[in-house]
Amino acid sequence: MFTDAHVWEGTARRLTAAGAQVRAVTLAGPGRPRAGDGPEPDAGAHAEAEADLETHIEEVCAAIDAVTGAPGGTGGTGGTGIVLVGHDYGVHPVLGAADRRAERVARIVCVDAGLPQDGVPPLAAVPDQSVRALPAEEAAAGTTAGALPPPGRGEWTRWGSTAGVSEEALDRLTARAAPQPLGTLLRPLRLSGAAAAVPTTGVLCTANGVGIDMVQRLVDLGDPALRALTGPGVTFFELPTGHWPMLSCPEDLAGVLLRAAAGEGHRLTPPGASGTPAHLHPFPLPVPELPRERRGNVDFYFPRTGGTKGIEGAEGAERVDGPRPAVVFVHGGPVPAGAEPSPRDWPVLAGHARYAAGQGAVGVTVEHRLHDVADYPRAAGDVAAAVDLVRADPRVDGDRIALWFFSGGGPLLADWLAKPPAWLRCLAAAYPVLAPLPNWGMSADSRFHPVRALADAGQAPPPLVLLRVGLESPEIAATVSGFLAAAGEREAEVRVVDVPHGHHGGGPGDPEEEWRGAVREAVRAVLDRLDA
């Protein structure tokens, strides 16, 4: 979006030097000249703002035909060695063109972009709701022939991480940026299915928030739309850079594109093919067999009464009759809608709740609707309503509540940090994301930013318990470090429990004794604060 063929200059030079033919396509739009045969566009006629996704698909088809000859005709150089490379929005016209010229395309490469689905407009791939709102408002007003203004110099991070891009390159990117026709975002992509047979490679830019391991975890959640990523013709590469690798590391990107063209790269495995997925790994501690009481999206696990000891013997809390404090466990995400098993049936979530009940508290799990990074407001509403339900139960002491968030549920902490109620005795987080990741596209003033919420809160936060893994991804680890720095500035009470050799979410390869000790310590720290 917003760019022309100039962004590919450095990568194109390196590919040409390696013996490849290169054609960089400038897609139609106001102020954008048409592309020529090389990496530099021709100084041709400027396209109009009325260009839409269909216009761009036709332009990529024309670029293919210029090399291979028009369908059913003669001309061109022939052959089927076309590798179509799409970055970000560019993957939509690339996939549309591959669908119409499948027999001429050897491979599709998606550079830091998802794999679009039939019938879905490109706007759906923009994670930030505030960015989505402008074209939607224009569409409602009947002005879809307009254009989305390009980002200003300090606004590119709304569209992705600028890590590795030099100040000079960022200045040039801004100077040459052009408006994006609204029709390119609002028109659904239409696919016949022919492109599904074309081998595909994803190039993931890890500084933008996603790596191969994270994609594998998403596949393991069972989303049918992601199963295609495990096909034999699909490969992946990682680049340790931000969202614009053609500007930050053109030589590395060129190398990856050549390897992709040769069919190299990492291959994902179907769910369960390489062992138990992390989210289905058994809970590390013994838990009591307690009945589950399900009410809507909330599951309750009540402790036994009558003075018996907890599941772990002398360490367990004495059971007493009457209202008990509650620990509400909130899963991470995004989790695909309809994932099976659903999050509240994951061993890690139900295990934590049963374990807390075994120690004398009411263990509660909440299932919320965080299916996309744009769903945080909806998920926050689900959690708040669930907490109200828990506090209203006569078996729960509504003045002694702890909230525990996992992984991508971490941003939901922000509301409770900004305005903590008196009954909230403790907040906990396990391997959490504590600030929006770069590829989420959230604005700088996003509501779901725990680091900033903690720094700006008008009152002292409740005690915090943080379970931290030593082998966390650098992007998530940076959010945790930022959070702890903000906590230090506020002199907040934070208990950090480490799993030195643990990965995000744990799993079969992690040290079981470390996880057992860490979970036991973290739960005890939370319960101590409920009893304070």
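Anyway, here's the lowdown on the structure attached to this text. (Residues numbered from 1 in each chain as written. Predicted model: local features only at pLDDT ≥ 70, side-chain atom pairs only at ≥ 80, totals over all residues. Heavy atoms only, no water.)

Right, let's get into the sheet that holds strand E14 (residues 494–503). Strand order in the open sheet formed by 8 strands is E7-E8-E10-E9-E11-E12-E13-E14, with mixed pairing between adjacent strands. With one partner strand each, in any of the chains shown, strand E7 (293–295) and E14 form the two edges of the open sheet. Across this sheet, the average inter-strand angle for adjacent strands is 20°, counted without regard to direction. Each of strand E8 (298–301), strand E9 (324–330), strand E10 (362–366) and strand E11 (396–406) is contacted by helix H10 (residues 347–358), which is oriented at about 160° to E10, the strand it contacts most. Sheet strands in contact with helix H14 (residues 474–490) are strand E13 (464–471) and E14, and its direction is about 145° off that of E13. (Pairing = 2+ DSSP bridges. Helix = DSSP H or I, 4+ residues; strand = E, 2+ residues; numbered from the N terminus. Axes fitted to C-alpha atoms, helices over the stretch in contact; angles between N-to-C directions. Contact = heavy atoms within 4.5 Å.)

Interhelical geometry of helix H1 (residues 9–17) versus helix H9 (residues 250–261) gives an angle of 50° and a closest axis separation of 8 Å. One finds that H1 runs oblique with respect to H9. The element H1 and its partner H9 pack so that their crossing is right-handed. Between H1, through Gly10, Thr11, Arg14 and Leu15, and H9, the contact on the second element is made entirely by Pro250, Glu251, Leu253, Ala254, Leu257 and Leu258. Tallied by class, residues from the contact of H1 with H9 come to 6 nonpolar, 2 polar and 2 charged. (Parallel < 35°, antiparallel > 145°, perpendicular 65-115°, else oblique. Left-handed = near helix turned anticlockwise from the far one by under 90°. Nonpolar A, V, L, I, M, F, W, Y, C, P; charged D, E, K, R; others polar.)

Here we come to empty space enclosed by the protein. Across all of its chains, the model carries 1 cavity of 30 Å³ or more by this definition. In this structure, the largest cavity spans a volume of roughly 50 Å³. Lining the largest cavity are Leu413, Leu427, Ala428, Ala429, Leu434, Leu464, Val465, Leu466 and Phe483. Where the lining of the largest cavity is concerned, the elements lending two or more residues are strand E12 (424–430) and E13. Among the residues making up the lining of the largest cavity, the classes are represented as 9 nonpolar, no polar and no charged. (1 Å grid on protein atoms, 1.4 Å probe; cavity = no way out; pocket = protein on both sides within 12 Å on 5 of 7 lines; lining within 4 Å. Points joined across faces, edges and corners; volume = space filled by probe spheres on them.)

An order of E1-E2-E5-E6 is seen for the 4 strands of this open sheet, with the pairing classed as parallel. With one partner strand each, in any of the chains shown, strand E1 (82–87) and strand E6 (234–239) form the two edges of the open sheet. Across the sheet, the axes of successive neighbouring strands diverge by a mean angle of 20°, strand direction being ignored. The strands that helix H2 (residues 53–68) touches are E1 and strand E2 (105–111); relative to E1, the one it contacts most, it runs at about 155°. Contacts from H9 reach E1, E2, strand E5 (200–205) and E6 within the one sheet, and its direction differs from that of E6 by about 165°.

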